[in-house]
Amino acid sequence: MIMNGKPMRLLLTFIFMTFAMPAWATLEIDISKGHLDPMPIAIPDFVGASDPEREIGAQIAGLIRANLERSGLFRPLDPASFIEHQSNINVQPRFADWRIIKTDALLSGRLVMESDNRMRIEFRLWDVLAETQLVGLQLATTPENWRRIGNKISDVIYQKLTGETGYFDTRIVFIAETGPKTDRVKRLAIMDQDGANPTFLTSGKYTVLTPRFSPTAQQITYMSYASRTPSVFLFNIETGRQEVLGDFPGMTFAPRFSPDGTKVIMSLVQGGNSDIWVMDLRTRQRTRLTSSPAIDTSPSFSPDGSRIVFNSDRGGTPQLYVMNADGSGIHRISFGKGTYSAPVWSPRGDLIAFTKSLNRKFHIGVMRPEGDVERILTTAYLDEGPTWSPNGRVLMFTREPRPGSGPHIWSIDLTGANLRQVPTPGDASDPAWSPLIQ
Amino acid sequence: MKSAFIAFGALLFISACASTPAPEPAPAPAPAPAPAPTPPPVTGEVTPLPPVPGSVDEFQKMAGDRVYFEFNSAQLSHEARAVLSRQASWLNRYPNTRILIDGNADERGTREYNLALGARRASAARDYLVNLGVSPSRISTISYGKERPIDGRSNEEAWAKNRNAHTGIVSGATS
């Protein structure tokens, strides 16, 4: 049975909670540097008047601690070390008690069950040294949405303390793999960014590859062998509906949405040759962008939609090229040693992530769209297919650490620090990060 | 008889390995061997039947159904051309057959690039057959990229096998 992967509807309201004191934000992490010294933060379990309230409150606090710890930018302190145990979050904390345990920030939260299907969460983020409230918010939702609340609060903290948008209230679409290599079953799957709630979207009867989110995270475009000619498909997460995209005269693959979500860009094979085409989703009109006898594939739009980076072997080996959105002005940008493929433009626009093959190893790296300032972030037997967090600070990718060891999803910071495996139910590949869920 | 010999050998091996040989227990009396049925005398194998003319089996045996490529290449080697020439003669002899050529790549490349490379390999094989008189209308192609390895290992031998174009008879063959 295929489970429905539609996101739970989130009735969520933000109300600002003020505190009678000036709030000067002095606490800030510079996330452009490595994170050798992550910021200590204290996050006690959220207080509640009843056992069920305290139980969910503890789950939410635990989720926030795990999110912040995984970012590599924060060091959530062990709650067992806390001296003050607040029962009322609407009075000032005893800052001296928090300074003793050497925390820079404190998150105090409270959970109130207002009815069977409605709960209210209040929280305040404190600068312990400056003794000021950095943010105070109140949210209301249904109890089963506690993970999304935890992710939302994590995003608020991340934004307040780094100055950048967070990426915790997001999901990952990927390919779940089972069976021997010579008879592999590949299913479209979706999960939260931390690996929670993995759900299959297709049965595994047909091979599916390379899923990518639409900018609203409501649709996925991917390649499937379910049709007579392998083709680019669209999957609507809300309805579960799948459809072949367009009636192309050959195999289509390597799809990605345009940043405004109105188009899908992809490769089409004709006479054995792959070129890049773009399809307007409303008019269904298709336009050819490249016409070379070489392989042209893996196109990815710049976030302003004006340019496209892609992979081509027109120069003899696979390299990265950039062109204007209408196909004009094609120029090569990769000039380092080795071969380059699978480029993805950062949502911030300032970098392009790619897969590089050199000396029988594979690497994930980044370079500027002009092709300079190349940095290699990872090395393994097979690292491939990077995808950006919506704030452009973290990359996920497929890694097969050693020959035959099976693929999994890994993440690494743009700084090259904080390499981690993302938990998946089994072998997994082709991750794609969603935008922040609305 | 033979198994008893092996068991004896294993016993010798074990005692040879032991640094301080334990005193050997007295061997239990061997049970009386059951009389083995006498196998019929073998004088030689019967000649295998030739493949049925026009069958998939015949195509595979006479022509070979797979051609191989160098890394990141869709160039047909001399050997590949020889296989495709035999495929073409067989296909021209059985004009009602239809084929699907699937192009494949080894795992050392990114997924999408390998889909394009597999398409190029399938097309190279197709074009060669067409040049030798096989009607294009009888040929379909597909690329599996690196998704359908025939050898699941990760070594040179497996990669060489997995870089191929495979010709499958989809209809019209004698069964």
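So, about the overall build of chain A. Along the backbone of chain A there are 3 helices and 30 strands. Principal-axis analysis of the C-alpha atoms gives chain A an extent of 70 × 45 × 40 Å. A burial count over chain A gives 58% of its 438 residues as buried. The contacts of chain A with a sequence gap of at least 6 include a subset with a gap of at least 24, amounting to 47%.

Residue and element names in this part refer to chain A. Between its first and last C-alpha atoms helix α3 (residues 146-162) spans 24 Å; for 17 residues at 1.5 Å apiece the expected length is 24 Å, and the two agree. Most of α3 is tucked away, with 14 of its 17 residues classed as buried. With its phi angle positive at about 80°, Gly-163 sits one or two positions after the end of α3.

We now examine the sheet that holds strand β17 (residues 286-288) of chain A. One open sheet holds the 4 strands; their spatial order is β14-β15-β16-β17 (chain A), and the pairing between them is antiparallel. The sheet terminates laterally at β14 (252-257) and β17 of chain A, the two strands that pair on one side only. On average, each strand axis in the sheet is inclined to that of its neighbour by 25°, with strand direction left out of account. Examined bridge by bridge, β14(A) and strand β15 (residues 263-270) of chain A share 4 bridges and lie antiparallel to one another. Of the residues in β15(A), the one forming a bridge with A:Phe253 is A:Ser267. Contacting β14, β15 and β16 (273-280) of chain A, helix α4 (residues 111-131) of chain B crosses the sheet at an angle of about 150° to β14(A).

Once that is clear, we can look at the interface of chain A and chain B. A common way to state how big an interface is: give the accessible area lost once the parts meet. Taken together, the contact between chain A and chain B spans 38 residues of the former and 27 residues of the latter. Roughly 2,600 Å² of surface becomes buried between chain A and chain B when both sides are summed, with 54% attributable to carbon and sulfur atoms. If you look at where chain A meets chain B, you find 7 salt bridges. Inspection of the region where chain A meets chain B yields 16 residue pairs in polar contact (both at pLDDT 80 or more). With 3 residues, strand β10 (residues 208-213) of chain A is the single largest residue contributor to the side of chain A that touches chain B. Its residues assigned to classes, the side of chain A that touches chain B shows 17 nonpolar, 13 polar and 8 charged.

What follows deals with the pairing of strand β7 (residues 171-178) of chain A. All names here are of chain A. Along β7, 7 of the 8 residues are buried, which leaves the element largely enclosed by surrounding structure. Following β7, the chain reverses through 6 residues before pairing antiparallel with strand β8 (residues 185-192); Gly-179 in that reversal takes a positive phi of roughly 90°. As judged from the 5 bridges shared by β7 and strand β30 (residues 427-433), these two strands associate in the antiparallel manner. Note on β30: the bridge partner recorded for Glu-177 is Asp-427.

Our next topic: the side chain of A:Ser292. All names here are of chain A. By the secondary structure assignment, Ser-292 is in the loop between β17 and β18 (296-301). Overall, the relative accessible area of 11% leaves Ser-292 in the buried class. Dropping the residues within four chain positions of it, Ser-292 is found in contact with Asn-273, Asp-275 and Arg-314.

Parameters and conventions
- Residues numbered from 1 in each chain as written.
- Chains lettered and ligands numbered in written order.
- Predicted model: local features only at pLDDT ≥ 70, side-chain atom pairs only at ≥ 80, totals over all residues.
- Heavy atoms only, no water.
- Helix = DSSP H or I, 4+ residues; strand = E, 2+ residues; numbered from the N terminus.
- Buried < 20%, exposed > 50% of the residue type's maximum accessible area, 1.4 Å probe, protein only.
- Contact = heavy atoms within 4.5 Å.
- Expected span 1.5 Å × (residues − 1).
- Pairing = 2+ DSSP bridges.
- Axes fitted to C-alpha atoms, helices over the stretch in contact; angles between N-to-C directions.
- Buried area = accessible area lost by both parts, 1.4 Å probe.
- Salt bridge = Lys/Arg side-chain N within 4 Å of Asp/Glu carboxyl O.
- Polar contact = N/O pair within 3.5 Å; in protein donor to acceptor, adjacent residues only side chain to side chain.
- Nonpolar A, V, L, I, M, F, W, Y, C, P; charged D, E, K, R; others polar.

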